[in-house]
Structures are given as structure tokens and as C-alpha cells.
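# Structural features, examined
Listed below are the residues making up each chain.
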Amino acid sequence: MSTTQIVIAVVGGYLVVTAAVAFIPAGLARSKGRSFSAWWGLGMAIGIFAIIPAALLPVHRCPSCRETVNPQASTCRYCRNPLTPAVPVGAVEPMNSAVMAMGLAAIAFAVAVVCWAVITH
Ligand SMILES: [Zn+2]
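A brief report on the enclosed structure follows.

Conventions adopted
- Every chain is numbered independently, its residues counted from 1 as its sequence is written.
- Reporting of local features is limited, given that this is a predicted model, to residues whose pLDDT is at least 70; pairs of side-chain atoms are given and counted only at 80 or more, and all residues count toward the totals for whole chains, interfaces and linings.
- Counting from the N terminus, the helices are the DSSP runs of H or I reaching at least four residues and the strands are the DSSP runs of E reaching at least two.
- The exposure label follows from counting other C-beta atoms within 10 Å of a residue's C-beta, where the C-beta atoms are placed from the backbone and the thresholds are 20 or more for buried and 12 or fewer for exposed, leaving partly exposed in between.
- C-beta atoms are placed from the backbone for every residue, and two residues are taken to be in contact when these atoms lie within 7 Å.

### Thoughts on unusual backbone geometry
- One non-glycine residue with positive phi stands out, namely Arg-66, at about 65 degrees.
- Along the chain, Arg-66 turns up in the loop between α4 (51-56) and α5 (96-120).
- Its identity is not glycine, yet Arg-80 carries a phi of approximately 65 degrees, on the positive side.
- If you trace the backbone, Arg-80 turns up in the loop between α4 and α5.
- Arg-80 sits in the exposed class, given 11 other C-beta atoms within 10 Å.

### Concerning the environment of Ile-8
- Locating Ile-8 in the fold gives a position in helix α1 (residues 3-21).
- The spacing of Ile-8 and Ala-108 is 100 residues in sequence and 14 Å in space, taken between C-alpha atoms.
- If we skip the residues at most four places from it in the chain, Ile-8 touches Val-114 and Ala-117.

### A short note on the environment of Ser-74
- Take Ser-74: it is sitting in the loop between α4 and α5.
- Sequence separation between Ser-74 and Pro-63 is eleven residues; the distance between their C-alpha atoms is 13 Å.

Shown next, in the form of C-alpha cells:
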């Protein structure tokens, strides 16, 4: 097995495992009415550790139908009941785009490592 193959196997394996693991905090956040993609990005960026902030997310429930809703929502996504946002918009997940960028950067870095391994060997 050449160095190139080892690097590709390690980085590829890392990407596959991290992408799969990232579904755990993403699903957890989704169940609390948060952005699945942003939390998946965080999972890609920091791996299994994203479960900790996801687990600590407070659950906001619609006072009308008791479904979990995004704390920034002005209308319940289930029953269309008007909600009073619990917090100012942007205060809860200002990191949405930053976290997505971190996840993509982690993927880009891994891809760059594979390219480097292919080109230089
Ligand atoms: Zn509702």
C-alpha cells in the first residue's frame, strides 16, 4: 500500500465517519426546532463533541400545540399559531453561517490533503 493510498483511506474514512457522526447532533438540534444543516456543519467541524451543545439546547414549545419550535420563529411551523420570539432574532444561532463555513472548511481541508497526496506521489 503506497503512502497516497494510505492518506486517501485515512482522510476518506475520517470524512465518512465524521459525516455520519454529525447526524447525531444535527438530529438532536432538529428535534428541538433548530437548523439541521447548521448543526450538521458543526458536527463536521468538531465531530462528536457537537453533541454536547446540541444536548444543552433549550427546548421551546408552541403554547398552542406543544410541538417543539425554533425560538426565533414568529409562527408555529405545525399549527401556524403566532409566537412571541423568546429571544431577539440572531441571538440564539448567530453562528449558523459561521458553523456551516467551518464544516465546509473541514471538508475542503480533507479534500486538499487527498489532492496533495495524489499530486505529490
Ligand atoms: Zn403550534
